[in-house]
Amino acid sequence: MTSIWNKRTKHCHGFIDKQIKDAITDFFDNEGNYADFDMSCANKIVDHLPHNLSCSSVNWSWFQYLFDSYYEKREKLIVCILISKLIKYDCYTGDYSEIVETFKWMNSGEIKPALFWLLSNSLLPFNLIVIQSDIRTSSNKNQKSISSFKTDSHNLFLSGLLRNFILSGNTSNFVAKEFYANFQASLNGKLITSPNDFNAGTFKHQYFFYKQNFSNSTVITLLKSFYLKLINDGYEILNWQDGIDRNMLQMNSFNSHYENGYLPIPLNPFDSIPESDRWLIIPNGAEKKSTKLNSFVYKPIDFSLVKDSQLKISLKHWFWNSNRSLSSRIDAANIIIKFINFIYDLRYKFNLRQVTSSEFPLDYITVEEIYSYVSFVKERKLYNAYIGVVRRYLIYLQENNLYEVDPAVYKYLVIRGYTHINTAKDIPDEDLIKIEANMKVKSTENDLQALYYILFHIAIATEFRIAQIINLKIDCLVKGAKKDYYLESHSKVSNGEKLKIPITPYTKRYIETAIKFTQEVREKCNDDSIKEHIFIHNYFSQQFKVVTVRTFSDYLKKICREEGITPYSAQNLRDTYMTKSIEYAIKNNMSLIETKILTSHKQVDTTSNHYVADKIKDYLEATHMVIIGNLNIKGTIAAESDFTDGDLVNEECGYCKHESCIKNDILDCLMCSGFIATIDRIPYFEDKISKINNHIELAKLPHEKEQFIAIKRLYLAYLAKLLELKEQVV
DNA sequence: GTTTACAATAGATGCGCGAC
DNA sequence: GTCGCGCATCTATTGTAAAC
């Protein structure tokens, strides 16, 4: 041992440059860290280094030279350890020094194979992306997590893009190293020097490259996320004209649509009918006439399913020129496709024409065919649209001279047995309370569930349809002439016009709360058609979505099942008549939602109680349109008190600690030092404030109005403090 | 003006896929 | 494995205009 020590000391002292000397000292000190650290080999390597080695010559090509100077893997690995020490002691002065700097984050076990991989493949530093990210641990300590990604990128720019991409997403959860390792290959070697070098063509190449070479579907997911990230960063690299765009890319069904050759097609009757058969229809304004559609959700229709080519053309014609709303037009088209194929099979598969020895040519819809079809529909007990839609389609064909139809067919295409049963079912109070309580608990678990909770409240407090609520826009609140508010939204009856619906102040508050709640997500989103909505979330990385009716219904059902009650639907919420008791309970909970929501993003700024206080104040000021400012509160604000109901004063807003009233008549209790307000008084404050609002409205003289506003300001100041205190206590 | 008959749209849900 | 979501296809509700 002694001889080795001496030898090592001699080597270390031989170097003139201080940093290099330190690095080499550490190199030998780390002996124990590597099972395969061969001291004689290490000595040999260091022996070959010139003593006057200076940092200015420590660059990547020198590393490569050093690495290539040895032939055995064992030796090369030890060279890598030496290199890692030189990096650690800041000896590196070559190109890409910022990247090399990141290599320091790796521990000794990771860096050795990483350097070996780089140098044995004659790669450059940017081929290794090292990421340092914060991870939240249960103990809430800020820990750094280090991960490294190998990439075959040909240049620094592309590596930088990939690095940013990794940093931006929660990609650590679904690591697919193949994605980065083959990125350049997937581009067929194309050099990337700007984000704008990516386009529909590169995407296609990459998509099918990854699809062919890797069974792991996460690779495709990452590819989609990568393009979405570029788009989210403002690069308009994909346009529908090229067969793919952002909205398509975000759809759950993207893969199958893309692989099956669906093309995005804006719905516009003034354009000529598209030649292709598989359309992904861009609503292009049609969404304004329906609550079932959104501008960013494209609807598929597959005309290639139509077996008869002439009828296919006529169906496209009908589809393109129909006035039906898009979603029901697609429904109808799917029925017509079934109809056409039924007729086709009759003609060619079952040879009906021969059986009936009909003399009509094959481009003529006959009574026999329709009779068979109607029998089929009745036998299968298919719903009425199977008859009505077909009739209207045939009329259209005739009117536009697209196909010959025997006029006698219509007397068979009739519907019988309309039953109109009203199944409206309201939810009893006890069940409603159970649902409310369950949703309240879950609303704290994640953002989506908090949105469902607000949706639930609006649904029972208003007459709106669920789709209408979900698709509300942030600018939907419109102030009326007085203090009243209107909600502007599209409705199926308005035929594209916006409707104004009067709402209560409570509904207004819910909507404002929801807008504030989603503001954080909205600021991150740069997709205008999404961010204009109120109920948005960011569940998937790089994807911003509007809540759907589908998930809300499912969630409501799930809650009902958990509570062991009838699985109510969103429609039932609308049918539910709010009794006074439930209304009271719900209004009380409202302030709870508001404060909870306003403060639910506390983790952003946990330490600052100021933050919470300011937010509450901002909110109250915005809602009540009164500036609270720094009003001095004379009374006491407390979480709870020992006073009894007998001590309640001022319409139960608080307690009085004096034996008898000491204030004069002009003063309000709130201006007295003997006044004590506690958290459980919050609802009374809210009641009182709404009463003052009435006074303000009724006041005729300006100075009366001002006086009431001053009083309101006082109550709001108390309310703000109480809400703040409540937040600390809870 | 009300009823009736149906058209058109909204809502519900089984199924399957993608994201994580 | 769970959750979110889209599609297809069904049911429910609402709109509307002719018939009474």
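Residues numbered from 1 in each chain as written. Chains lettered and ligands numbered in written order. Predicted model: local features only at pLDDT ≥ 70, side-chain atom pairs only at ≥ 80, totals over all residues. Heavy atoms only, no water.

In the annotation of an unreviewed UniProt entry, chain A is listed under the name Site-specific integrase and assigned to Cohnella lubricantis.

A. Geometry of the nonpolar core. Counting 48 residues, the largest nonpolar core has Ile435, Phe535, Phe552 and Leu573 as its most contacted members. Per element, the largest residue contribution to this core is eleven residues, and it comes from helix H21 (residues 447-461). The residues touching Phe535, leaving out its near neighbours within four places in the chain, are Leu451, Ile454, Leu455, Ile458, Ile469, Ile470, Ala514, Lys545, Val546 and Val547. In terms of nonpolar packing, the next biggest core, distinct from the first, is built from 46 residues, Ile24, Ile45, Ile78 and Ile111 among them. (Core = buried A, V, L, I, M, F, W, Y, C linked by side-chain atoms within 4.5 Å. Buried < 20%, exposed > 50% of the residue type's maximum accessible area, 1.4 Å probe, protein only. Helix = DSSP H or I, 4+ residues; strand = E, 2+ residues; numbered from the N terminus. Contact = heavy atoms within 4.5 Å.)

B. Inspection of the packing of aromatic side chains at higher detail. Applying the stated criterion across every chain yields a total of 50 aromatic pairs. The interplanar angle of 85 degrees and the centroid separation of 5.3 Å between the aromatic rings of Phe179 and Phe183 together place this pair among those described as edge-to-face. Across the pair, exposure class does not vary: Phe179 and Phe183 are buried alike. Both rings, one in Phe183 and one in Phe226, keep their centres 5.0 Å apart while their planes meet at 65 degrees; by these two values the pair is edge-to-face. Here the residue Phe183 occupies a position in helix H10 (residues 183-186), and Phe226 occupies one in helix H12 (residues 218-232), the gap between them amounting to 43 residues. (Phe/Tyr/Trp six-rings, centres within 6.5 Å; stacked < 30°, edge-to-face > 60°.)

C. View of the protein's contact with DNA strand B. In the neighbourhood of DNA strand B, 28 residues make up the surrounding shell, with Thr221, Ser328, Arg391, Arg392 and Arg550 lying closest. Taken together, the sugar and phosphate atoms account for 71% of what DNA strand B places within 4 Å of the protein. One nitrogen or oxygen atom from the side chain of Lys224 is found 3.0 Å from a phosphate oxygen belonging to DNA strand B. Measuring from a phosphate oxygen of DNA strand B, one finds a side-chain N or O atom of Arg324 at 3.5 Å. Looking at the surface near DNA strand B, the elements that each hand over two or more residues are H12, helix H19 (385-399), helix H22 (466-470), helix H26 (549-563) and helix H27 (570-575). In terms of residue count, the dominant contributor to the surface near DNA strand B is H26 (three residues). (Near = heavy atom within 4 Å. Polar contact = N/O pair within 3.5 Å; in protein donor to acceptor, adjacent residues only side chain to side chain.)

D. Layout of the pairing of strand E16 (residues 675-678). Residues Phe675 and Ala677 point to one face of E16 and Ile676 and Thr678 to the other, with burial holding for every one of them. Here strand E13 (residues 636-638) runs beside E16; their pairing, made up of three bridges, is parallel. Bridge pairing links Ala638 to Thr678 in E16. By the bridge criterion, two bridges tie strand E15 (residues 654-656) to E16 in an arrangement that is antiparallel. In the strand pairing of E16, Cys656 is matched with Phe675. (Pairing = 2+ DSSP bridges.)

E. Structural detail: the sheet that holds E13. Taken in spatial order, the four strands make up an open sheet running E13-E16-E15-E14, and their pairing is mixed. Two strands lie at the open edges of the sheet, namely E13 and strand E14 (648-649), each paired on one side alone.

F. The state of the cysteines, seen in detail. Applying the stated criterion to the full structure yields zero disulfides. Counting only cysteine sulfurs, Cys672 is the nearest neighbor of Cys656, a cysteine outside any disulfide, at a range of 5.8 Å. (Disulfide = S-S within 2.5 Å.)

G. Structural detail: the pattern of salt bridges. The final tally for this structure, using the stated rule, is 23 salt bridges. We note a salt bridge from Lys85 to Asp26, for which the minimum N-O separation is 3.7 Å. Note that Lys85 is positioned in helix H5 (residues 73-88) and Asp26 in helix H2 (residues 18-29), a separation of 59 residues in sequence. Given a relative accessible area of 5%, Lys85 falls into the buried group. One salt bridge connects Lys88 with Asp26, and the closest N-O pair in it is separated by 3.0 Å. Placement of the pair is Lys88 in helix H5 and Asp26 in helix H2, with a sequence separation of 62 residues. (Salt bridge = Lys/Arg side-chain N within 4 Å of Asp/Glu carboxyl O.)

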